[in-house]
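What the coordinates show
Read off the chains here:
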Amino acid sequence: MSARDEGSAAVEFLAVGVLLLVPLAYLVLTLGRVQAATFAAEAGAREAARVLATTSGDARAASRAEAAVALALADQGFAAVPGSLVLECAQRPCRSPRARVAATVRVEVALPLVPGFVRGAVPAVVPVQVRRVALADRFAPS
């Protein structure tokens, strides 16, 4: 081994390590945000369906469901945008006995560190959508 090769293995190891570490860190960061959006959408949809099934008055139930979704999204660091919650009722009023009510929450996760000029060629968001169904109590007054 010549004297000129001493220490080059450490430099090569650091260079390769950095080249592998950066994409791995980006992947962990991105998957963490997608998982947080999944948790937020799941909790929001579950609570919105429960609120819709247990609250009398369709307008009051809808506003409480929107508040529950906004709280679940804010808990994970997402903003509630118009259209992120869709409520569906099988019957009118929603709280009719044994009525099926559904809540769908959609969250769009922006990919971190994607520059503006690339966004046209690559989708810059990952959509996460969760739908939950609940039944109104069969003895519930409408």
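Let me sum up the structure you'll find in this document. (Residues numbered from 1 in each chain as written. Predicted model: local features only at pLDDT ≥ 70, side-chain atom pairs only at ≥ 80, totals over all residues. Heavy atoms only, no water.)

1. Topic: the overall build of the chain
- Looking only at helices and strands, the chain has two helices and three strands in total.
- In the chain, the order of α-helices and β-strands from amino to carboxyl end is α-α-β-β-β.
- Within the span of the chain, comprising 142 residues, buried residues form 30% of the whole.
- Contacts in the chain between residues far apart in sequence, at least 24 positions, make up 65% of those at least 6 positions apart.
- Just so you have it, the chain exposes about 9,200 Å², and 63% of that area is on carbon and sulfur atoms. (Helix = DSSP H or I, 4+ residues; strand = E, 2+ residues; numbered from the N terminus. Buried < 20%, exposed > 50% of the residue type's maximum accessible area, 1.4 Å probe, protein only. Contact = heavy atoms within 4.5 Å. Areas by Shrake-Rupley, 256 points an atom, 1.4 Å probe, with all protein chains shown as cover.)

2. Observations concerning the sheet that holds strand β1 (residues 85-89)
- Here we have three strands laid out as an open sheet, ordered β1-β2-β3, and antiparallel in their pairing. Strand pairing shows two members of the sheet lacking a second neighbour, β1 and β3 (125-135), which therefore form its edges. When strand polarity is set aside, the average angle formed by the axes of neighbouring strands in this sheet is 15°.
- Here five bridges tie β1 to strand β2 (residues 100-110), and the two strands are oriented antiparallel to one another. Bridge assignment links Leu85 to a residue of β2, and that residue is Val105.
- Where helix α1 (residues 8-54) meets the sheet, its contacts fall on β1, β2 and β3, and the angle it forms with β3 comes to roughly 25°.
- Sheet strands touched by helix α2 (residues 58-75): β1 and β2. Its angle to β1, the strand with the most contacts, is close to 140°. (Pairing = 2+ DSSP bridges. Axes fitted to C-alpha atoms, helices over the stretch in contact; angles between N-to-C directions.)

3. Here we look at a nonpolar patch on the surface
- Together, Leu21, Leu24, Leu27, Val28 and Leu31 make up a nonpolar patch on the protein surface, roughly 500 Å² of accessible area in all.
- Structurally, Val28 is set in helix α1. (Patch = residues over 30% accessible without salt bridge, like charges linked within 9 Å, V, L, I, M, F, W, Y side chains within 5 Å. Salt bridge = Lys/Arg side-chain N within 4 Å of Asp/Glu carboxyl O.)

4. Observations concerning the layout of surface pockets
- In this model, the largest pocket occupies a volume close to 160 Å³.
- Along its surface, the largest pocket is lined by Leu73, Phe78, Ala79, Val81, Pro82, Gly83, Ser84, Arg106, Val107 and Glu108.
- The residue makeup of the lining of the largest pocket, split by class, is six nonpolar, two polar and two charged. (1 Å grid on protein atoms, 1.4 Å probe; cavity = no way out; pocket = protein on both sides within 12 Å on 5 of 7 lines; lining within 4 Å. Points joined across faces, edges and corners; volume = space filled by probe spheres on them. Nonpolar A, V, L, I, M, F, W, Y, C, P; charged D, E, K, R; others polar.)

Read these as layout, nothing more, since geometry by itself doesn't imply function.
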